[in-house]
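Each chain is listed here by its residues.
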Amino acid sequence: MRDLAIRGILLAAAVAIPSGCLAAQGVVDRIAARVENEVILLSDIRALSRYQQFLDGKSEDDAQILDRLIDQWIVRTEADASHFPHSSEADIDRSLSRLRSSFASEQDYESRMRHAGLNEQDIRAMVSSQLYLSNYLDSRFRPAVQIAPKDVEDFYQTAVVPRAKARGQEPPALDAARDSIQEALVQNGINQQAEQWLKESRLRLHIEKFLEEGVK
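Criteria and thresholds
Residues numbered from 1 in each chain as written. Predicted model: local features only at pLDDT ≥ 70, side-chain atom pairs only at ≥ 80, totals over all residues. Heavy atoms only, no water. Phe/Tyr/Trp six-rings, centres within 6.5 Å; stacked < 30°, edge-to-face > 60°. Helix = DSSP H or I, 4+ residues; strand = E, 2+ residues; numbered from the N terminus. Buried < 20%, exposed > 50% of the residue type's maximum accessible area, 1.4 Å probe, protein only. Core = buried A, V, L, I, M, F, W, Y, C linked by side-chain atoms within 4.5 Å. Salt bridge = Lys/Arg side-chain N within 4 Å of Asp/Glu carboxyl O. pLDDT = per-residue confidence, 0-100. Contact = heavy atoms within 4.5 Å.

1. Focus: the packing of aromatic side chains
Here's step 1: Applying the stated criterion across every chain yields a total of 7 aromatic pairs.
Here's step 2: On the basis of an interplanar angle of 35 degrees and a centroid distance of 5.1 Å, the ring pair of phenylalanine 54 and phenylalanine 103 is categorised as tilted. Of the two residues, phenylalanine 54 is situated in helix α3 (residues 42–56) and phenylalanine 103 in the loop between α5 (89–101) and α6 (106–115); the sequence distance between them amounts to 49 residues. The exposure classification of phenylalanine 54 matches that of phenylalanine 103, with both residues buried.
Here's step 3: An angle of 80 degrees between the planes, with centres 5.4 Å apart, marks the rings of phenylalanine 84 and tyrosine 136 as edge-to-face.

As structure tokens, then:
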């Protein structure tokens, strides 16, 4: 659940596709933005665009993806500075398994991967990076999120029950749904705090965007 929830902020954490793949597709690389003393390249935007295509069948425009990459830079820089531990291979395997199961079939997974111009190594690297960033955000903001019992009950009455009835289903008992509602509200709180932190962080950083100007 955490992977999917925090994807709303980062829209998956992409890593650069090997330069040979980019060259084969005729991409001329250039600097898209500079954050402090580091750069984000056009190839980074293309990499995240392909991963979004793989996940959702569509991608954001270049300017939106660049903003995602700047956010990723902020989170990764903070996580690295705090020596936050990287995910184990077992954790990455579990995330990959959940990702595969989110597709209609194994054939759909393979087809979408090929259509996006990715391979298994690319997907694993991206999932590993996404897990690292989402785990850091969870670790940083979860302790500050407090959910009252009434919050859970209100969500049950205003969201869970109406949604079940709209589908012609019997709503689950509150006690049976309590843990999942609690976690959903916690994830929402983490997202809100992370979004505010990223907004404030961007104001403190020296960020130059060259995407529109085409600066190389």
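What follows picks up the thread again.
2. So, the nonpolar core
Soluble globular proteins tend to bury their nonpolar side chains together.
Here's step 1: Counting residues in each nonpolar core, the largest one holds 28 residues, and the members touching the most others are Ile40, Ile45, Leu66, Val75 and Trp197.
Here's step 2: Of all the secondary structure elements, the ones that give two or more residues to this core are β1 (31–35), α3, α4 (62–81), α7 (120–141) and α9 (174–204).
Here's step 3: Sorting elements by how many residues they give to this core places α4 first, with 8 residues.
Here's step 4: The next biggest cluster of nonpolar side chains, apart from the first, holds 15 residues, and it includes Ile92, Leu96, Ile123 and Leu131.

3. What to know about the pattern of salt bridges
Here's step 1: Evaluated as defined, the whole model comprises 15 salt bridges.
Here's step 2: As a salt-bridge pair, glutamate 106 and arginine 100 come within 2.3 Å of each other at their nearest N and O atoms.
Here's step 3: The residue aspartate 175 makes a salt bridge to arginine 178 at a minimum N-O spacing of 3.0 Å. Of this pair, aspartate 175 and arginine 178 both sit in helix α9, 3 residues apart, which is roughly one turn of the helix.
Here's step 4: On the basis of relative accessibility, which here comes to 28%, the residue arginine 178 falls in the partly exposed class.
Here's step 5: Salt bridges sharing common partners tie together Glu89, Asp93 and Arg124.

4. Overview of the confidence of the model for the protein
Here's step 1: In this model, the protein carries a mean pLDDT of 88, and residues with pLDDT of at least 70 account for 85%.
Here's step 2: Low pLDDT, under 50, characterises residues 1–6; the predicted model gives this stretch 19 contacts beyond four residues in sequence or across chains.
Here's step 3: Within the model, the stretch residues 12–26 combines pLDDT values under 50 with 36 contacts to residues more than four positions away or in other chains.

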